[in-house]
Amino acid sequence: MIPVYNRSETFLERVLAEWIQAVVEAELEVTTPFSLVDILTPPLHVRAWGLEGLPTDAFSLQNATAIKHTVNLQRKAHSDGPAPLPASRWPYLVDPDEQGTRWLQLHEAANELVVLREQDFNAPASRPGGGAVAQITLLEDALARCIPKGRPVLLMDLAGDPPSQLADLVARNTREEGGVRVVTISSLTLQYHPGFRLYLASRHARPSLSLETAASLTVVNFTVTVQGLHDNLRQILVRKERPELEDERQKLVLTTSSHQRALQDTEERILHTLSSAQGNILESEEAINILQETKQMSDDIKRKQEQCVETEAALLECCKQYESVSRPAASLYITLASLASVSPMYQFSLRWYVDLYVAVIDTTGKSSVLERRLSLLQEALVSRVHSAVVKGLAAPHRLPFTFLIALHALRVSGAVNPSVESALFRLASQSPAGCTPPPDWLAVPLAPAWPALLHLTTLPEFEGEAVQMFFVQEVADFASAGLSESLEKDAVGWVSLTSCALPEKSALPRPWHRLQPVLWLLLVAALRLDKLTWAVRVIVGDILGAHFSSPPPVDVGVFLEAPAQPKSSSRTPAPARPPAPLLLVTSPGVDALEEVLLLAAQGPEGALANVSLGQGQSSVAEAAVQSGASEGGWVVLQNLHHALDWLPTLANIITRLYTEGVPNGGGGGARKANGNGGLHPNFRLILTTEPTDEFPVSLLRSVEKVYVDAPGDARHALLEANLTLTRHASNLTFSEEDEEEEVEAAIYRLLHGLSVFHTVVSERGRHGHLAWADPPAFTATDLTLAISVVTSSVEEGRDVDPEMLEYLVGRVFYGGRVHRVEDQQVILSILKEVLTISLKLPEEITPRSAEGAGEEEEEEDEEEEELEPTGGGVDDAEDVGLVRLFPDFVGRLDDLAEFVAGITGLDRPEIFGLPAGVQQLQEIEAGQRFLTVLATVGGAQSLQGKSERISKDEVNRLKKMRSQMISADVGLLPQTYIDGDSVPSWRAPDYLHSASLSATDFHF
């Protein structure tokens, strides 16, 4: 199979420039400026294509010209009789955003174009009066009706090669039978009309075509370009902000097209008069009058045409004021489209983006000052795009995407150069292999960073006199020396940077402390890879705001709410419609449906249909969707990755249910708009799947995606655990006979301890084999079961049995997920410590009373401030242990939520029973992954494999140095660990060897 790659517009321009240069050197005349579109396509056709929805950028016009001439060659080949076909080929559109196919449907509408999607090819054909045509598929039936009559056919949503039954048609293998030309389609022999046209289209950005198929087709790349999208977005913005300008422009387009058509008619009339004149034309009075009239008409049309051109130029100048919004918006969509190179699950349709763009225009605050209004639109678009996209990304990819948004903002303001961006994208590929050895003058601690530093010294921003312009402001003692000279002269300052706690700008040697943000980030990435993600968060916070680098947890219920009613110009209100289908992309250890099931339970009984896909379940799922769409129920389809063959059919069902006016594949007309007939407003469709490269692009682009995976860090993990606790314990009631205040505080503290325990054992998994012999995957269901043990005891009026709790939680719920004795010992030891802290109330805490509540709150605030970790090292082990995750007093669940929200310093590995050296190792791995994602998104796909190898080599080197980074007493960690294949040995505390916990160890 051969991949089809995006062609570069710059490459085409370079090739064309070389050809023009060769023509000039051959002393031949050439039009300046030269354009293939101007030579091959009349301006009248270009205008008509624009009215049909084709983007007017050069790239799209070249594509349309190639399609037009390919089709025309096909028709001309048959116009002179049954001659063999010339070397022309059917067009195959690579059209991820359906720009080309939408244009073709309008362009060929007058010719009764028939549109058919791949998922409908093998469906049985039906007669107009009902009933199925025997042994005829929908594809065969459509071709049997179109090929003999010369009607065009568009086959959409191809995953790769066309169907095998079209081999003769694709290869143009026609033959003559009985004086007519025929072609074979499967078992059918059809008369071949010379005017027949076949269009093929794929929504895959890089469809895999076989060599034979690619050689027999004209592959046309209709991927959206920045210029074409910018023109479209500017037109939308002007229509919204200045509708009179857009109306005038549209009138000018129509007027100009009519003038061009009239001018072409006059030229044809002149040529006809000259060719049909008999004898001397000067003796024909009629011919002379016709020539005079046409000449006068032609001059008049040209004069009007010049006026239209001047008016259009004036309107364009007015519209250019809005380019400060439309041009960055187009660039932002290109950034979104590049995310597909990181994961095929990251697909965003152009239609969705345009709808979001229009929503931003409609909802952003107005201003009478144009500059202020445009500034508000820029900020609102960046914020809306970030919040809409980041929810559909996996946790490791959210920070790189947010940084790309910040980089986009810097690019718009002109604060970053393309060469700097390119250097950042290529930084992941720098390695000692093939690099020149470090020079003698380089300090030894800087030697590991030499490959990256050498890469930076090749940039003008870091070397020579040009360096001065890239500093934030002038420095009085600035010298023109570059980075290499500074590394040699100020070695002490650079070496201290490698050992400081945080490589802030102020820590850089002068004058490098005044570098621009991205240049500073390059130095941090080169010298302190372990602090790269920290530096990225600092830059994101300075440019976009701190809330961008730490987005809130996703609320699934928001996506299941009924959308706002669209405004209707008529008196009849627009019909209510359900929200778009919700796709929950899950990861191991996460329960994606817990919140969905709780929301569905609030509705009428029996309104939820839950289908887990597998063998033979596709028909059940299809029936459930059709029933829910008509009756208004909730439908949950789980594990779509187990039914990949059925997903194109599901995509077709969703398209038919939610999209209005989709062309009918069988009849060539238009499918009736759904409106509200056939799609109940209370219908909800929820899908779940694990990430897979084989997921259909058409389905990903027609749903709302939410990535439900493990929290990105320990703080978010504890927040989500607290949300789970609140959800299941909010309705907890206590017996009136108990000492209510003390018992409530003890129970809530115990429940909080279970959420802390869940967070600790789950977050240890981030360290892989450094924390576990065989890393397990814990889910929110485990925490729910542990909480239920406590809540059921309270609701039944029984005391909580510590031995039963220790056994169920430590050996069944969590211990049942591990396979090694060492891992079970770790779970039991952590649980022992958590229960010890949870069940023993501090002696100095007295029950809360109404009179002393205010004084106690002040004391709690003071004590919490004492527990806050400082920026430096912490000597007291208790300050960084589990005890700091517990409040001194809990009166209600709201106290827990407030306490958890204020906890800081959860990134310290000591909290999870790990040595400090492990944190540096984890940060280096995170930094390398960040650079790898940037390299992939930045277009350096060929570097991805190399970057991953470099990352693995670096991690292996650090693991071998582990014994030098961690202390001798490693507690519960493996004492020796070099690679993933060795068996770690564990040293458990003495209390683990006791039979079990005793009830006398705890008290309320």
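Further up the page is the structure itself.
I will try to describe carefully the structure that is included in this document. (Residues numbered from 1 in each chain as written. Predicted model: local features only at pLDDT ≥ 70, side-chain atom pairs only at ≥ 80, totals over all residues. Heavy atoms only, no water.)

## Re the overall build of the chain
Here is the rule: The helix and strand labels rest on DSSP assignments: H or I over at least four residues marks a helix, E over at least two residues marks a strand, and numbering proceeds from the N terminus. Note on classification: 1.4 Å probe, protein chains only; a residue is buried when its accessible area is under 20% of the maximum for its type, exposed when over 50%, partly exposed between these limits. Areas reported as accessible are Shrake-Rupley estimates using a 1.4 Å probe. Residue values count occlusion only from the protein chains shown.
Within the chain, the secondary structure is distributed over 36 helices and 17 strands. Of all 1004 residues assigned to the chain, the portion counted as buried reaches 47%. With an accessible surface of roughly 48,400 Å², the chain has 52% of that area assigned to carbon and sulfur atoms.

## Some words on the sheet that holds strand S8 (residues 180–185)
Test applied: The rule for pairing is simple: two strands pair if DSSP sees at least two bridges between them. For helices, the fitted line uses only the C-alpha atoms of the stretch in contact; every axis is such a line through C-alpha atoms, and the angle between N-to-C directions lies from 0 to 180 degrees.
Across the sheet, which stays open at both edges, the three strands sit in the order S7-S8-S9 with antiparallel pairing between neighbours. Two strands close off the open sheet at either side, each with one partner strand: strand S7 (175–177) and strand S9 (188–191). Taking the axes of each pair of neighbouring strands and ignoring which way they run, one obtains an average angle of 50° across the sheet. Looking at chain direction, S7 and S8 are connected through three bridges and run antiparallel. From the neighbouring strand, Glu177 faces S8, where its bridge partner is Val180.

## A closer look at the nonpolar core
A general tendency of soluble globular proteins is for nonpolar side chains to be buried together. For the record, the criterion: Joining through side-chain atoms within 4.5 Å is the link that ties buried Ala, Val, Leu, Ile, Met, Phe, Trp, Tyr and Cys residues into a set, and such a set is a nonpolar core.
Ranked by internal contacts, the top residues of the largest apolar core, which has 127 residues, are Phe462, Trp494 and Leu637. Of all the elements, helix H20 (residues 517–527) adds the most residues to this core, at 10 residues. Grouped together as the second largest cluster of nonpolar side chains are 54 residues, Val761, Phe778, Phe899 and Leu906 included.

## Looking at the packing of helix H14 (residues 370–390) against helix H15 (residues 395–413)
In plain terms, the rule: Roughly parallel covers angles under 35 degrees, roughly antiparallel covers those over 145, roughly perpendicular covers 65 to 115, and oblique covers all other angles. When the near helix sits turned anticlockwise from the far one by under a right angle, the crossing is termed left-handed; a clockwise turn instead gives a right-handed crossing. In what follows, a contact means two residues having at least one pair of non-hydrogen atoms within 4.5 Å. Only Asp, Glu, Lys and Arg are considered charged, only Ala, Val, Leu, Ile, Met, Phe, Trp, Tyr, Cys and Pro nonpolar, and every remaining residue, Gly among them, polar.
Running from N to C, H14 and H15 cross one another at 165°; their axes reach a closest spacing of 11 Å. One element, H14, and the other, H15, form an angle in the roughly antiparallel class. Note on packing geometry: the crossing formed by H14 with H15 is right-handed. On the side of H14, the interface is formed by Val382, Val385, His386, Val389 and Val390, while H15 contributes Arg398, Phe401, Thr402, Ile405 and His408. Looking at the contact of H14 with H15 residue by residue, the classes come out as six nonpolar, three polar and one charged.

## A short note on the side chain of His386
Mapped onto the fold, His386 is located in helix H14. In this view, His386 contacts Phe401, Thr402, Ile405 and Phe548; residues no more than four positions away in its chain are not counted.

## Some words on the pattern of salt bridges
Side-chain pairs of opposite charge can arise where the charged atoms are in close proximity. For clarity, the threshold we go by: For this document, the term salt bridge refers to a Lys or Arg side-chain nitrogen within 4 Å of an Asp or Glu carboxyl oxygen.
Overall, the coordinates contain 23 salt bridges when judged by the stated rule. For Asp141, the salt bridge is made with Arg145, and the minimal N-O distance between the two is 3.2 Å. Placement of the pair is Asp141 and Arg145 together in helix H6 (residues 138–146), with a separation of four residues, close to one helical turn. In this structure, Glu323 and Arg327 form a salt bridge, with 3.5 Å as the shortest nitrogen-oxygen distance. Remark: Arg327 and Glu323 occur in helix H12 (residues 323–338); sequence separation between them is four residues, near one turn of the helix. For Glu323, a relative accessible area of 16% corresponds to the buried category. Each member of the salt-bridge network shares a partner with another, and the members are Glu98, Arg117, Asp157 and Arg203.

## Some points on the environment of Glu744
Relative to the elements of secondary structure, Glu744 occurs in helix H28 (residues 740–764). Of the residues examined, Glu744 reaches a relative accessible area of 14% and is grouped as buried. Linking Glu744 and Val890, residues 146 residues apart in sequence, is a C-alpha distance of 8.0 Å.

## Re helix H33 (residues 893–901)
Using the following cut-off: Here the arc refers to the directions that run from the helix axis out to each C-beta atom.
Those residues of H33 that fall on the buried side of the exposure criterion are Leu893, Asp895, Leu896, Phe899 and Val900. Relative to the axis of H33, the buried residues are bounded by an arc of 155° and lie together on one face. Turned more than 90 degrees off the buried face of H33, the exposed positions are Asp894 and Glu898.

## Examining the packing of aromatic side chains
Each pair of aromatic rings is reported with the distance of its centres and the angle of its planes. Counted only if it meets this: Stacked, tilted and edge-to-face pairs are distinguished by plane angle, under 30 degrees for stacked and over 60 for edge-to-face with tilted covering the rest, among Phe, Tyr and Trp rings (Trp via its six-membered ring) whose centres lie within 6.5 Å. Any Lys NZ or Arg CZ found within 6 Å of a ring centre and within 35 degrees of that ring's normal is scored as a charge over the ring.
What the rule picks out here adds up to 15 aromatic pairs. Here Trp90 and Phe196 contribute two aromatic rings whose centre-to-centre distance is 5.9 Å and whose plane-to-plane angle is 80°, an arrangement assigned as edge-to-face. Of this pair, Trp90 sits in strand S2 (residues 90–94) while Phe196 sits in the loop between S9 and strand S10 (198–202), and the two are 106 residues apart along the sequence. Owing to a relative accessible area of 0%, Phe196 belongs among the buried residues under this scheme. Ring-pair connections join several aromatic residues into one group, and the members of that group are Phe757, Trp772, Phe778 and Tyr814. Here the basic side chain of Arg764 rests over the ring of Trp772, its NZ or CZ set 5.2 Å away from the ring centre.

## What about a nonpolar patch on the surface?
In plain terms, the rule: Here the term patch refers to residues with relative accessible area over 30% and no salt bridge, with like charges joined within 9 Å and nonpolar side chains (Val, Leu, Ile, Met, Phe, Trp, Tyr) within 5 Å.
Nonpolar side chains collect at one region of the surface, where Leu36, Ile39 and Leu40 lie side by side and expose about 270 Å² of accessible area between them. Within the secondary structure, Leu40 sits in helix H2 (residues 36–40). Given a relative accessible area of 39%, Leu40 falls into the partly exposed group.

## Some words on the pairing of strand S3 (residues 114–117)
Here S3 shows a buried face lined by Val114 and Leu116 and a second buried face lined by Val115 and Arg117. In this structure, S3 lies alongside strand S6 (residues 153–156), joined through four bridges in parallel fashion. Within the sheet, the bridge partner assigned to Arg117 lies in S6 and is Met156.

## As for the sheet that holds S3
Spatially, S3-S6-S10-S2-S12 is the arrangement adopted by the five strands of the open sheet, whose pairing is parallel. Lying at the two open borders of the sheet, with one neighbouring strand each, are S3 and strand S12 (217–221). Each strand of the sheet is rotated relative to its neighbour by a mean of 20°, with strand direction disregarded. Where S2 lies against S12, five bridges are found, and the strand directions are parallel. Residue pairing across strands places Tyr92 opposite Val219, the latter belonging to S12. Here helix H5 (residues 99–107) sits on the sheet and contacts S2, S3, S6 and S10; the angle it forms with S6, its principal contact strand, is near 160°. H6 contacts S3 and S6 of the sheet and is inclined by roughly 165° relative to S3.

## Quick notes on the state of the cysteines
What counts, and what does not: Cysteine sulfurs are considered disulfide-paired once they come within 2.5 Å of each other.
Applying the stated criterion across every chain, the model contains zero disulfides. No disulfide involves Cys318; its sulfur sits 6.7 Å from the nearest other cysteine sulfur, which is in Cys319. By relative accessible area, Cys318 is classed as partly exposed at 30%.

## Some thoughts on the pairing of S2
Sheet faces and side chains relate simply in a regular strand, where the side chains alternate between the two faces. Burial analysis of S2 places five of its five residues in the buried class, which makes it a mostly covered element. Neither face of S2 is open: one carries Trp90, Tyr92 and Val94, the other Pro91 and Leu93, and all of them are buried. Bridge analysis of S2 against S10 gives three bridges, and the strand direction is parallel. Pairing of Tyr92 across the sheet is with Leu200, part of S10.

## Quick word on unusual backbone geometry
Within the chain, Asp157 stands out as a residue other than glycine whose phi angle is a positive 60°. With respect to the secondary-structure elements, Asp157 resides in the loop between S6 and helix H7 (167–170). Residue classification places Asp157 among the buried positions, given a relative accessible area of 10%. Phi at Arg172 is positive, roughly 60°, even though this residue is not glycine. When you line up the elements, Arg172 lands in the loop between H7 and S7.

## Focus: the environment of Ser630
Which entries qualify depends on this criterion: Any N or O atom pair separated by 3.5 Å or less is treated as a polar contact, with the protein-specific requirement of one donor-capable and one acceptor-capable atom, and with residues adjacent in sequence counted only for side-chain atom pairs.
Mapped onto the fold, Ser630 is located in helix H24 (residues 618–631). With 53 residues separating them along the chain, Ser630 and Phe683 place their C-alpha atoms 7.9 Å apart. For Ser630, the side chain forms a polar contact with the main-chain oxygen of Ser627, separated by 3.1 Å.

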